[in-house]
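# Residue-level structural notes
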Amino acid sequence: ISGNRTVRLANVSLRNKTGTGICLTYQSQLIANNVIIHSCCLSALHLTGGSEVSITNSQLFKNGRNGLCLREGSKCYLQNTFVEKNQSDGVVAHGSNEGEGSVIHIQLPEIFSDAWNEKVNNNARKAVVRENKGRGIFASKNAHIVLHYPLSKLIKVKRSKYEKER
């Protein structure tokens, strides 16, 4: 997908035995819901040139390289998505020598163990990155990973700290 285009994918399964599942370049956008990208020779998703992807209720697994790779100021939003069992890194954001680095936003699960066990129930899970052969989540140079922690977890932590002080 190239050249400042927006593409929507829903309810599909993709694999590419000779390359990348989906490659976005030159400020393209992908909105993916209930998409499975697996068994690709290279990465499931590769973004460059300020491209942007929003992935919801999806799975990126068993790919030859990374589950998700961002370069050159690209952005990604992961929610209710599993990135697992890839041959290299699960999620990697590379910075650039000039301009802004790539940014990945990941919605963390309410309770990790429950999220890992609830693959069938999409409403019960948030983004989970696990069991990749390389690093799980990695950012280089001026790239950023933003982890969104559930508000209910923060409230529980604050309450329990307050109760201990009483």
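Anything mentioned here points back to the structure above.
What comes next concerns the included structure. As the structure is a prediction and not an experimental result, all values here were calculated from the model.

What counts as what
Residues numbered from 1 in each chain as written. Predicted model: local features only at pLDDT ≥ 70, side-chain atom pairs only at ≥ 80, totals over all residues. Heavy atoms only, no water. Helix = DSSP H or I, 4+ residues; strand = E, 2+ residues; numbered from the N terminus. Buried < 20%, exposed > 50% of the residue type's maximum accessible area, 1.4 Å probe, protein only. Polar contact = N/O pair within 3.5 Å; in protein donor to acceptor, adjacent residues only side chain to side chain. Contact = heavy atoms within 4.5 Å. Salt bridge = Lys/Arg side-chain N within 4 Å of Asp/Glu carboxyl O. Pairing = 2+ DSSP bridges. Core = buried A, V, L, I, M, F, W, Y, C linked by side-chain atoms within 4.5 Å.

Within the chain, N11 stands out as a residue other than glycine whose phi angle is a positive 55°. For N11, the location among the structural elements is in strand β1 (residues 6-14). For N11, a relative accessible area of 58% corresponds to the exposed category.

Here we come to the side chain of N66. Within the secondary structure, N66 sits in the loop between β6 (59-61) and β7 (68-70). By relative accessible area, which is 10% here, N66 ends up buried. Here the side chain of N66 touches S88 through a polar contact of 3.4 Å, side chain to side chain. Among the polar contacts made by the side chain of N66, one reaches the main-chain amide nitrogen of D89 at a distance of 3.0 Å. With residues near it in sequence (within four places) discarded, N66 still touches L42, S43, A44, N86, S88, D89, G90 and V92.

Across all of its chains, the model carries four salt bridges by this definition. E84 is the salt-bridge partner of R130, the closest N and O atoms lying 2.8 Å from each other. Here E84 lies in strand β9 (residues 82-84) and R130 lies in strand β12 (residues 128-130), a separation of 46 residues in the sequence. With relative accessibility at 16%, the residue R130 sits in the buried group. It is possible to trace a salt-bridge network through shared partners that takes in E84, K85, R130 and E131.

When β1 meets strand β3 (residues 29-38), the two strands line up parallel, connected through eight bridges. Bridge pairing in β3 places L14 opposite I37. As paired elements, β3 and strand β5 (residues 52-56) share five bridges and run parallel to each other. Bridging from a neighbouring strand, A32 pairs with I55 of β5. Bridging between β3 and β6 involves three bridges; their strand directions are parallel. Residue I36 lies in a different strand from β6, and its bridge partner there is Q59.

Formed by 24 residues in total, the largest nonpolar core has its most connected members in I37, L45, L60, L68, C76 and L78. When contributions to this core are tallied by element, the ones reaching two or more residues are β2 (22-24), β3, β4 (45-47), β5, β7, β8 (75-79), β10 (91-93) and β11 (103-107). It is β3 that provides the largest number of residues to this core, a total of four residues. Leaving out residues up to four positions away in the same chain, I37 has contacts with L14, G21, I22, A44, L45, Q59, L60, F61 and N63.

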